[in-house]
Amino acid sequence: MTESAVLPNPAPAIDPETKPYWDATLEGKLIIRHCNACGENHWYPRTLCPFCGSVDTEWLETAGKGTIYTFAITRKGLGHYGGVGPYVLAFVALDEGPTMLTNIIECDVDALRIGDRVEVVFHKTEAEAALPRFRPVAQ
Amino acid sequence: MSIRGAAFIAGAYEHPKRVIPDKSLGQVHAEVAAGALADAGLSFSDVDAYFCAGDAPGLGGISMADYMGLKLRYTDSTETGGSSYIAHIGHAAAAIKAGKASIALITLAGLPRQMSSNLVMEGSEAPEDPFEAPFGPTVHGLYALAARRHMYEFGTTSEQLAEIKVAASIHAQYNPNAMLPKPVTVEEVVNSPMVSDPLHRLDCCVVTDGGGALIVVSPEVARDLNRSVVKVLGHGEAPKHTNGGKVDVTFTGARWSGPAAFEEAGVSPKDIDYASIYDSFTITVLETIEDLGFCEKGKGGEFVLDGALQAPFGKLPFNTDGGGLANNHPANRGGMTKVLEAVRQLRDEAHPAVQVPNAQIALAHGTGGSLPTRMGAATVILGREDA
Ligand SMILES: [Zn+2]
């Protein structure tokens, strides 16, 4: 058993296009972008739909649940993560479709598997934003 | 319209040093440029086109043109990370074919060993940055994402990945300039410390100072030079990105750049006598071999067994200079050195122990950026002068 490290919470850059996303994180909501023209959900959130080019897109609240698509256990981080480890970098496929880069936390890194179910938790940063990370769903 | 035969590589030079504490970045660019020009029998005043990427200091190619005193009618500073210099060959050939240039210089240089770590992926103004950088994505962590998924889908093992490092290290022992000149075993690779599980330290390339340069010229110029030249047969490039969140980390942009290059060259994977495959990490090589069509998707792990990558007699002799995995990865960008060794092979100038006998057609492939998120891919196919 190797417990994942406690992580730093680097502040993301917030711009007018993505401010509603970060505001939602402060309320514990993970929202993504939905296209009314083609019906696709995309990640990371942007006004333009990358699948059809329409700007007829809107925010969609997710259930905050997903599946681990792949992950890496970094032994020692760099930059903001300098000296931190082990920690899990992962792609999580949301139940609503898109796959996002994140961390898996509060886990035994040795027991983690691709396909594991995970749920979002938010970690407040110094900015008006919280980081969406995921933890294993209790079986 | 095709660039097949429109241009020739007439000069090639690799900086012999791997640690350079006593020079400026501009100086190293200029040194490798001078080396490649001397190799071609040309001088700075002959150059009319300059190609560089993000490692060149200053404004596009103009700062280095100023430093070197170049009088140019064409510049291109296409930046696709480590794949840039392979893309530049295609761009130079197209410019030459269009009559916009006749003698093109391409340079790469970097001094990453003289700086604090630049492997941190944070702090850019890119639109994806707020959604990725806060989660601690190191370069090795990102490539480990690809490795684990490839293992999951196709049963690829750490031992199979290790075979790639082993082959590179066996080649490196013949390169007096190699950063890691000692052959390693599969056991040594898989027992080296984990950096980002499932990638071990020895799954990673070296970090080196240095650089390299190429001279790409028109057929008319090539004819007048007293030097064996290498023919540019075809080129392809393709960025790959996260596709709006439909992420698939089990393939690279080589899936698109490879077929484009093969088609232009009029050859297929079975015609390739020697391949320089971008090797930032062992998994980069494995996925690229599959994507270029040397084996089926998912079969890369089996393909690399039994010395398949070892020169001179493996199925696909690769990276005979030791590659980025054991020789040189200057500026954290391996595309230039990939071309340099392909040129050596086609000129019969590789070390005799690793020279592929009668190598007629070679491939060089570059990967830039981060395979599982946003990467550049560029493939060039080269032949002997009369190919
Ligand atoms: Zn759409």
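Residues numbered from 1 in each chain as written. Chains lettered and ligands numbered in written order. Predicted model: local features only at pLDDT ≥ 70, side-chain atom pairs only at ≥ 80, totals over all residues. Heavy atoms only, no water.

## A look at the overall build of chain B
Assigned secondary structure in chain B consists of 12 helices and 11 strands. In terms of C-alpha radius of gyration, chain B reaches 19 Å, essentially the compact-globule figure of 21 Å for 387 residues. On the principal axes, the C-alpha backbone points of chain B span a range of 55 × 45 × 40 Å. The burial tally for chain B puts 65% of its 387 residues in the buried class. Restricting the contact set of chain B to residue pairs at least 6 apart, pairs at least 24 apart contribute 77%. If you average the places of the 30 positive and of the 44 negative side-chain charges in chain B, the two averages end up 2 Å apart. (Helix = DSSP H or I, 4+ residues; strand = E, 2+ residues; numbered from the N terminus. Rg over C-alpha atoms; globule rule 2.2 N^0.38 Å. Buried < 20%, exposed > 50% of the residue type's maximum accessible area, 1.4 Å probe, protein only. Contact = heavy atoms within 4.5 Å. Lys, Arg positive; Asp, Glu negative; His and termini not counted. Charge placed at Lys NZ, Arg CZ, Asp CG, Glu CD.)

## Describing the packing of aromatic side chains
All names here are of chain A. Under the counting rule described, the total for this entry stands at 11 aromatic pairs over all chains. Between the aromatic rings of Tyr21 and Trp43, the centroid separation amounts to 5.7 Å while the plane-to-plane angle is 65°, which identifies the pairing as edge-to-face. Of this pair, Tyr21 sits in helix H1 (residues 19–26) while Trp43 sits in the loop between strand S2 (41–42) and strand S3 (57–61), and the two are 22 residues apart along the sequence. Each member of the pair Tyr21 and Trp43 is classed as buried. (Phe/Tyr/Trp six-rings, centres within 6.5 Å; stacked < 30°, edge-to-face > 60°.)

## A few points about the domain arrangement of chain B
Residues and elements named next belong to chain B. Each assigned domain of chain B is listed here: domain 1 (8–114 + 209–231) and domain 2 (137–205 + 234–384). The centre of domain 1, based on its C-alpha atoms, is set 23 Å off from the matching centre of domain 2. Contacts between domain 1 and domain 2 engage 44 residues on the former and 38 residues on the latter. Approximately 2800 Å² of surface area, both sides summed, lies buried where domain 1 meets domain 2, with 62% of it carried by carbon and sulfur atoms. Considering only the side of domain 1, the residues that lose the most area to domain 2 are Glu14, Arg18 and Ile86, jointly responsible for 25% of the buried surface there. We note a salt bridge from Arg227 to Glu349, for which the minimum N-O separation is 3.0 Å. Along the contact surface separating domain 1 from domain 2 lie 15 residue pairs in polar contact (both at pLDDT 80 or more). Mapped onto the side of domain 1 that touches domain 2, the elements with two or more residues apiece are strand S1 (8–14), helix H3 (84–97), strand S4 (103–110), strand S7 (210–217) and strand S8 (230–237). Among the elements that take part in the side of domain 1 that touches domain 2, H3 stands out by supplying 7 residues, more than any other. Considered class by class, the residues forming the side of domain 1 that touches domain 2 number 19 nonpolar, 16 polar and 9 charged. (Domains from an automatic or database assignment. Buried area = accessible area lost by both parts, 1.4 Å probe. Salt bridge = Lys/Arg side-chain N within 4 Å of Asp/Glu carboxyl O. Polar contact = N/O pair within 3.5 Å; in protein donor to acceptor, adjacent residues only side chain to side chain. Nonpolar A, V, L, I, M, F, W, Y, C, P; charged D, E, K, R; others polar.)

## Remarks on the nonpolar core
General note: in soluble globular proteins, nonpolar side chains tend to be found buried as a group. Membership of the largest hydrophobic core comes to 79 residues, with the highest contact counts inside it found for Ile104 of chain A together with Phe294 and Ile381 of chain B. The dominant element in this core, judged by the number of residues it contributes, is helix H4 (residues 139–154) of chain B, at 8 residues. The residues contacting Ile104 of chain A, other than those within four sequence positions of it, are Ser4, Ile68, Val88, Ala90, Val92, Leu112, Val118, Phe134 and Pro136 of chain A. Counting 39 residues, the second-largest nonpolar core is a separate cluster that includes Val232, Met336, Val343 and Ala364 of chain B. (Core = buried A, V, L, I, M, F, W, Y, C linked by side-chain atoms within 4.5 Å.)

## A short note on the coordination of the zinc ion
All names here are of chain A. Surrounding the zinc ion are the protein donor atoms Cys35 (SG), Cys38 (SG), Cys49 (SG) and Cys52 (SG), at 2.3 Å. Viewed at the metal, the 4 donor atoms of the zinc ion are separated by angles of 103 to 116°, and the geometry they form is tetrahedral. Summarised as a motif, the one-chain spacing of the donors to the zinc ion is C-x2-C-x10-C-x2-C. Here the residue Cys35 occupies a position in strand S1 (residues 31–35), and Cys52 occupies one in the loop between S2 and S3, the gap between them amounting to 17 residues. (Donors = N, O, S within 2.8 Å, 3.2 Å for Na, K, Ca; no water. Tetrahedral: all angles 85-135°; square planar, octahedral: opposite > 155°, others 65-115°.)

## Comments concerning the packing of H4 of chain B against helix H9 (residues 282–291) of chain B
The relative placement of two packed helices is expressed as an angle between their axes plus a distance between the axes. Residues and elements named next belong to chain B. At a minimum axis separation of 9 Å, H4 and H9 run at an interaxial angle of 55°. Comparing the axis directions of H4 and H9 gives the class oblique. Both H4 and H9 take part in a crossing whose hand is left-handed. The residues of H9 that touch H4, namely those facing Tyr143, Ala146, Ala147 and His150, are Ile283, Thr284, Leu286, Glu287 and Glu290. Each residue belonging to the contact of H4 with H9 can be placed in one class, and the counts come to 5 nonpolar, 2 polar and 2 charged. (Axes fitted to C-alpha atoms, helices over the stretch in contact; angles between N-to-C directions. Parallel < 35°, antiparallel > 145°, perpendicular 65-115°, else oblique. Left-handed = near helix turned anticlockwise from the far one by under 90°.)

## A word on the interface of chain A and chain B
Taken together, the contact pairs 39 residues of chain A with 37 residues of chain B. For the pair chain A and chain B, the summed buried surface comes to about 3100 Å²; carbon and sulfur atoms form 66% of the total. The three residues of chain A that bury the most area against chain B are Tyr44, Tyr69 and Leu78 of chain A, which together make up 21% of that side's buried surface. Across the contact surface, chain A and chain B share 2 salt bridges. Across the salt bridge formed by Lys246 of chain B and Glu40 of chain A, the nearest N and O atoms sit 2.9 Å from each other. Run the count over chain A and chain B and you get 16 residue pairs in polar contact (both at pLDDT 80 or more). Contributing elements (two or more residues each) for the side of chain A that touches chain B: H1, S2, strand S4 (65–74), strand S5 (87–94), strand S6 (99–104) and strand S8 (130–136) of chain A.

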